[in-house]
Structures are given as C-alpha cells and as structure tokens.
Amino acid sequence: MASNSSKMLMIFMVFSYFMLTSANFYQNFDITWGDGRGQILNSGELLTLSLDKASGSGLQSKNEYLFGKIDMQLKLVPGNSAGTVTAYYLKSEGSAWDEIDFEFLGNLSGDPYTLHTNVFSQGKGGREQQFHLWFDPTADFHTYSILWNPQRIIFYVDGTPIREFKNSESVGVPYLKSQPMRIYSSLWNADDWATRGGLIKTDWSQAPFTASYRKYNAINACVWSSSSGTSSCNSNSDNSNSWLSEELDNTSQQRLNWVQKNYMIYDYCKDTKRFPQGLPAECAVNKSS
C-alpha cells in the first residue's frame, strides 16, 4: 500500500499536470485592444472577443514560440456575421515577418463560413487556400490546430488535417524556421472584402458580434527566450518532442485528401489565371489532391 507521502506526491503530480494542460487565459494571453470588448471569464477558462460599429478586439500570447503544436477551441460569431473576420494566427515581428493564418470569414445566415488559410515566409504571402467546413462552426466549440516543425506546417480542424505546407527550401522558398512567433487573435470588420468580395456589408443591427475561445494548449511547443536567444526545446533530452519530426501517416493523408476534394473552394496552386508566368515554386512540393 502506498504511503501517505506517496499518495500526496501522486495527487500533486496529477494536479500539476491538470494545471499545465488546462488553458488559463489570464496566464497565457493579454487582451491588447478593444477597450473592454475582449473579456476573460470563468476564472480564466473562457475568453471572448466582440465587435461593434466602434471597434473590434484582439489578443496576443505572452510567450513567443519557435516551432510548436498548438490547439485552440473556437466558437464563431453566429447568425448574420457577414463582413466580420475572426482571425487566429501566429506571427513574428519585423518587416520580413513569418505568419501562419486561420481566418474565418463571416456569412449571411444559412450560408457557410469560409475558412481562409495562408502562410507568409519572410514577408511574402499570397499562399491562400480556402475551405467550407463540414459542420456549423457557430453551434459549438471546435478545435483548430497548427503543427509547425522544421519540415512542415499542418493545419488541423478537430484533428483532421486540411492543409500541409512543406519546407520548400530545396526550390528556393524561405521556410519559417528562425523567427519566433506569438499567437494572435482578433475580431474585426472587413466588409470591404470579406463576404463575397465586399458585396455584402456588415449589418450593425446584429452587433455586438462575439467569438468565444477555450482550451488553449501549447504544451507541445518550444517557448522562445529573447533574453538568451534559445528555446525551451533546446534543453529537452526526452522523447516528448516527437512532434518536431511528425508527418502525416497514410490515414491522415487520406483524410487530408478527403477534405481537399470535398471542401476546398480555392487553392492558389491551381490558379493558373493568377500566375500566368507559372505557379509559385513551392506548389511543386505542396501538391494538392
């Protein structure tokens, strides 16, 4: 039978693990703009961003990361959200920044949301892929994840891969491997372009528009220290960082193909009208199904 001290140690370890894996927005994020339109609730377990005619709102992570596997659950703006954009992304600083984007473009009631994804390397983006989701993202929370390691970036929705962007340095495309990034999210008005190219304007009688966040998880991520110029992964000698070499297995590749066949509505790597002189170099490496 375990001693009292052993039992106390086990309880402490379970409690510590729970604290590490449970999202606490007070500890992990700052609401950076919005004049009170962003709120942290339920003792740090829930965060909401709101938009009205005067302003939207936004947040950023306290930590910077250089590679990571990061999850966030979102419940998007319900009803007539046309003209609104909920952005959830990683971004570095500077004029030659790196960035990994989820952007959710609002809709008229009954129409599907558009999930817009993009990847910037050293300030160059224009790598858009867009999807319609296979569920209503306003009815409940769903998990949106980014795997970012030295070989690839994978976008996931509820554990299903929807996009893979591979390291294409072999064909001269800079990869996101040297600039630490923070996590950002914002809810803002973009009715000049977001819904049907700006044809549908925001209906402010529906305001305030609110998106909700919970269960943030960056346990599998390398926290960057700007003071020392190193990441938390440099000192880890165990096998807990297997995600640093993670890739899609056959089953995951089949799921990715299923999403892209049935729910992708735009792929820049298939837009020959946009690139009459030839598709971007990374498209040969990142072939879509």
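Quick caveat, the model's predicted, so the values are computed rather than measured.

Asks: I'd love a proper account of the state of the cysteines, names of residues and values included.
Replies: Under the criterion given, the structure shown has two disulfides. Between the sulfur atoms of Cys-222 and its disulfide mate Cys-233 the distance is 1.9 Å. Because the sign of the S-S torsion sets the handedness, a value of about -90 degrees for the bond joining Cys-222 and Cys-233 places this disulfide among the left-handed ones. Of this pair, Cys-222 sits in strand β14 (residues 209–225) while Cys-233 sits in the loop between β15 (230–231) and α3 (250–262), and the two are eleven residues apart along the sequence. With a relative accessible area of 12%, Cys-233 lands in the buried category. A sulfur-sulfur distance of 1.9 Å marks the disulfide that ties Cys-269 to Cys-283. One disulfide, between Cys-269 and Cys-283, carries an S-S torsion of -80 degrees and so falls in the left-handed class. One end of the pair, Cys-269, is in the segment after β16 (264–267); the other, Cys-283, is in the segment after β16, with 14 residues separating them in the sequence. Take Cys-269: its relative accessible area is 10%, and that puts it in the buried class. Sequence-ordered numbering of the bonded cysteines in the chain gives a disulfide pattern of 1-2, 3-4.

Asks: Which residues make up the environment of Asn-42, and what values go with them?
Replies: Here Asn-42 lies in the loop between β2 (38–41) and β3 (46–51). A relative accessible area of 52% means that Asn-42 is categorised as exposed. Distance in space between the C-alpha atoms of Asn-42 and Phe-25 is 9.9 Å, their sequence separation being 17 residues.

Asks: Explain the packing of aromatic side chains residue by residue, including any values.
Replies: Tallying each qualifying case throughout the model produces 15 aromatic pairs. The interplanar angle of 5 degrees and the centroid separation of 5.8 Å between the aromatic rings of Tyr-88 and Phe-102 together place this pair among those described as stacked. Note that Tyr-88 is positioned in strand β6 (residues 84–91) and Phe-102 in strand β7 (residues 99–105), a separation of 14 residues in sequence. We note that Tyr-88, like Phe-102, is buried. On the numbers, 6.1 Å between centres and 5 degrees between planes, the contact of Phe-102 with Phe-104 is stacked. For the pair formed by Phe-102 and Phe-104, the shared burial category is buried. Each residue in the set Tyr-88, Phe-102, Phe-104, Tyr-144 and Phe-155 is aromatic and connected to the rest through ring pairs, giving one cluster.

Conventions adopted
- Residues numbered from 1 in each chain as written.
- Predicted model: local features only at pLDDT ≥ 70, side-chain atom pairs only at ≥ 80, totals over all residues.
- Heavy atoms only, no water.
- Disulfide = S-S within 2.5 Å.
- Helix = DSSP H or I, 4+ residues; strand = E, 2+ residues; numbered from the N terminus.
- Buried < 20%, exposed > 50% of the residue type's maximum accessible area, 1.4 Å probe, protein only.
- Phe/Tyr/Trp six-rings, centres within 6.5 Å; stacked < 30°, edge-to-face > 60°.

Keep in mind that these numbers describe shape and distance, not what the molecule does.
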